[in-house]
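So you can see what is in the structure, the chains are spelled out below.
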Amino acid sequence: GDVYKRQPHATLYGIMVFVLAVLILVIGLWDTIVIAVFVGVGVVIGQMRDGDNAAVNFIRRLFDK
């Protein structure tokens, strides 16, 4: 509601970190990391399909240095 309208990023990241903490406690660190890697790959593939190469360009910049 009102808190989300005033501080959308704080609310969103708070929820994301809470979910991450619950996942680590319930299923373990390594299983959580595996899920995060799959989600990341899915996001990159989705961006490429959308014609947005922001993630690919970011990864290229990391390895160009």
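Values in this document were obtained by computation on a predicted structure and should not be read as measured data.

Quick notes on the rules
Residues numbered from 1 in each chain as written. Predicted model: local features only at pLDDT ≥ 70, side-chain atom pairs only at ≥ 80, totals over all residues. Heavy atoms only, no water. Helix = DSSP H or I, 4+ residues; strand = E, 2+ residues; numbered from the N terminus. Rg over C-alpha atoms; globule rule 2.2 N^0.38 Å. Buried < 20%, exposed > 50% of the residue type's maximum accessible area, 1.4 Å probe, protein only. Areas by Shrake-Rupley, 256 points an atom, 1.4 Å probe, with all protein chains shown as cover. Lys, Arg positive; Asp, Glu negative; His and termini not counted. Charge placed at Lys NZ, Arg CZ, Asp CG, Glu CD. Axes fitted to C-alpha atoms, helices over the stretch in contact; angles between N-to-C directions. Contact = heavy atoms within 4.5 Å. Nonpolar A, V, L, I, M, F, W, Y, C, P; charged D, E, K, R; others polar. Polar contact = N/O pair within 3.5 Å; in protein donor to acceptor, adjacent residues only side chain to side chain.

A. Quick peek at the overall build of the protein chain. The number of helices and strands found in the protein chain is 4 helices and 0 strands. Ordering the α and β elements of the protein chain from the N terminus gives α-α-α-α. Taken against the 2.2 N^0.38 rule, which gives 11 Å for 65 residues, the C-alpha radius of gyration of the protein chain at 15 Å runs more than 25% over that of a compact globule. If you line up the protein chain on its principal axes, its C-alpha atoms span 40 × 35 × 25 Å. Buried residues in the protein chain amount to 6% of all 65 residues. Total accessible area on the protein chain is roughly 5,800 Å²; 70% of this is exposed by carbon and sulfur atoms. Looking at charge distribution, the protein chain has the averaged site of its 6 positive side-chain charges lying 5 Å from that of its 5 negative ones.

B. Highlighting the packing of helix 3 (residues 29–50) against helix 4 (residues 54–64). The contact between helix 3 and helix 4 brings their axes to 7 Å, and the two run at 115°. Of helix 4, the residues touching helix 3 (which contributes Val44, Gln47 and Met48) are Ala54, Ala55 and Val56. Looking at side-chain class alone, the contact of helix 3 with helix 4 contains 5 nonpolar, 1 polar and no charged residues.

C. Representation of the side chain of threonine 32 within the structure. One can find threonine 32 in helix 3. The exposure class assigned to threonine 32 is buried, which follows from its relative accessible area of 4%. Within the structure, the side chain of threonine 32 is placed 3.5 Å from the backbone nitrogen of isoleucine 24, a separation counted as a polar contact. A polar contact of 2.7 Å, which involves the side chain of threonine 32, links it to the backbone oxygen of glycine 28. Excluding residues within four positions of it along the chain, threonine 32 makes contact with Leu20, Leu23, Ile24 and Ile27.

D. Broad picture of the environment of threonine 32. For the pair threonine 32 and alanine 21, spaced 11 residues apart in the sequence, the C-alpha separation amounts to 9.4 Å. In terms of polar contacts, threonine 32 uses its side chain to reach the backbone carbonyl oxygen of leucine 23, at 3.4 Å.

Without other data, these values stay purely geometric and don't point to any function.
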